[in-house]
Amino acid sequence: MSLFQQIEEAKKQLQDVVMATPLSKNLNLSNEFNATILLKREDLQTVRSYKIRGAYNKISTLTAEEQEQGVICASAGNHAQGVAYSCKLLQIKGKIYMPKTTPKQKIKQVKLFGENYVEIILTGDTFDDAYAAAIAESTKNKMAFIHPFDDEKVIAGQGTVGLEILESYKKPIDYVFVPIGGGGLASGLSEVFKHLSPQTKIIGVEPEGAPSMQTSIANNKVTVLDNIDKFVDGAAVKQVGKLTFDICKKSLSDIILVPEGKVCTSILRLYNEEAMVVEPAGALSIAALDFYKEKIKGKTVVCIVSGSNNDIERTAEIKERSLLYEGLMHYFMIQFPQRPGALKEFVNDILGPDDDITYFQFTKKNNRETGPAVVGLELKNKNDIEAIKTKMNNKGFEYKYLNDKLDLFNQLIG
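**Brief notes about the packing of aromatic side chains**
A full pass over the atoms with the stated rule returns 13 aromatic pairs. Measuring from ring centre to ring centre gives 5.8 Å for Y85 and F113, while their planes differ by 70 degrees; the resulting arrangement is edge-to-face. With Y85 in helix 5 (residues 78–90) and F113 in helix 6 (residues 104–114), this pair connects stretches of sequence that are 28 residues apart. Using a relative accessible area of 8% as the deciding quantity, one classes F113 as buried. Consider the rings of Y175 and Y292, whose centres lie 5.8 Å apart with planes at 80 degrees: the pair is edge-to-face. Taken together, the positions of Y175 in strand 7 (residues 175–179) and Y292 in the loop between helix 13 (280–287) and strand 10 (300–305) put the pair 117 residues apart, joining distant regions of the chain. The class for Y175 is buried, based on a relative accessible area of 8%. It is K295 that lies over the ring of Y292; its NZ or CZ is 4.6 Å from the centre. Here K389 stacks its cationic end above the ring of Y401, 3.9 Å away from the centre of that ring.

Listed below in structure tokens is the structure:
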């Protein structure tokens, strides 16, 4: 069967398993961009992401002998939950390899969805460690390895998202913005639109710190990235799949890279304005709209909201990254005169009425006239930062601006 036929078969396979998630117009975004913005709410799936589609389709189509042997996967996130839930539904034993660094919340969710049908093995410090161990176990015990994206059955399962979109919305769709990690969702979805709505432009969206598909397409071969920013963990991979690369390089109209800070701003906005809780990868497609705002005016646009498995413990980091990106959070190393009243002078003479000190680290040095303090300032207006720098210069406060000194910033602030 062709891939499109496999996607049609996958829809039948999944009809009693996955939720046909809503495709709903978002008024705030539609008004902002002067367009019809539709959100495909895969964050509302039982496992809170689209990953159940590919995992279940793959596992359910294994032979009886393969199912009897059990399945195995490596994942620190949504794929693990999809495999775990599939194992429970199909009553198949599964082993799920996860890094030892995986947050407890994610481990708990995998146990919840898999119950007694899955065994969780924590190994290594990174996904690559867990992946290598899972592959070795799969080969040794002849257990089917359920790849998170580079498998036709997995791609076909993810592609059912595209069929649902076109069944829900009968009018022409101009753009679909789809997040890309390994490329499984983008591959399946673009295959559907190629057959049923070829005029629709499919726009892939990657985190700026992990541009694996864009780099591979630019190099015309699958390229392994040396280093990535793992913050958008659901879409941060060093290497896309061979199958997904071949499909995406032919089918995608464009790939947008979105800064991680912009993703964080979108997460906070969706929570505050829409009461939507999304993970970083889940916000990618919406965060990308700003970079296409002129092209999408008057158009009909679908954004795939791919998941909502967000850990509340990340909220502080999300807010911090958002403020830094928006130019509202600034860090300095300031040489304070070691005399009474120096800090008061700084607050009264340098800061404006809406500026706030959110971070202050200082240790008094008895043998010096000045002592360095690391100071974090949160502003209401990003344009005020230049006035603050000017005032410090005029008042004789020596300082280093840390935001653009990444190594020093990370060492001092974390």
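What follows continues from the structure just given.
**Structural notes on the sheet that holds strand 8 (residues 201–207)**
The strand order across the open sheet formed by six strands is 1-2-10-7-8-9, and the pairing between neighbours is mixed. Across the chains shown, the open sheet's two edge strands, defined by having one partner strand only, are strand 1 (23–25) and strand 9 (254–258). Neighbour to neighbour, the strand axes of the sheet diverge by 25 degrees on average, direction disregarded. As defined by bridge partners, strand 7 adjoins strand 10 across three bridges and the pair is classed as parallel. Residue pairing in the sheet places Y175 in a bridge with V301 of strand 10. Across the sheet, helix 9 (residues 184–196) is in contact with strand 7, strand 8 and strand 10; its angle to strand 7 comes to roughly 160 degrees.

**Some details on the packing of helix 1 (residues 3–14) against helix 8 (residues 152–168)**
Contact geometry of helix 1 with helix 8 gives a least axis separation of 7 Å together with a crossing angle of 80 degrees. Classed by the angle they form, the pair helix 1 and helix 8 counts as roughly perpendicular. Only E152, K153, I155, A156, G157, G159, T160, L163 and E167 of helix 8 make contact with helix 1, whose side of the interface consists of L3, F4, Q6, I7, E8, A10, K11 and L14.

**Description of the layout of surface pockets**
Approximately 560 Å³ is the volume attributed to the second largest pocket. Those elements giving two or more residues to the lining of the second largest pocket turn out to be helix 12 (260–274), helix 14 (315–326) and helix 17 (406–413). A per-element tally of the lining of the second largest pocket places helix 14 first, with six residues.

What counts and what doesn't
- Residues numbered from 1 in each chain as written.
- Predicted model: local features only at pLDDT ≥ 70, side-chain atom pairs only at ≥ 80, totals over all residues.
- Heavy atoms only, no water.
- Phe/Tyr/Trp six-rings, centres within 6.5 Å; stacked < 30°, edge-to-face > 60°.
- Helix = DSSP H or I, 4+ residues; strand = E, 2+ residues; numbered from the N terminus.
- Buried < 20%, exposed > 50% of the residue type's maximum accessible area, 1.4 Å probe, protein only.
- Lys NZ or Arg CZ within 6 Å of the ring centre and 35° of its normal.
- Pairing = 2+ DSSP bridges.
- Axes fitted to C-alpha atoms, helices over the stretch in contact; angles between N-to-C directions.
- Contact = heavy atoms within 4.5 Å.
- Parallel < 35°, antiparallel > 145°, perpendicular 65-115°, else oblique.
- 1 Å grid on protein atoms, 1.4 Å probe; cavity = no way out; pocket = protein on both sides within 12 Å on 5 of 7 lines; lining within 4 Å.
- Points joined across faces, edges and corners; volume = space filled by probe spheres on them.

Everything listed is a geometric property; what it means functionally is a separate question.
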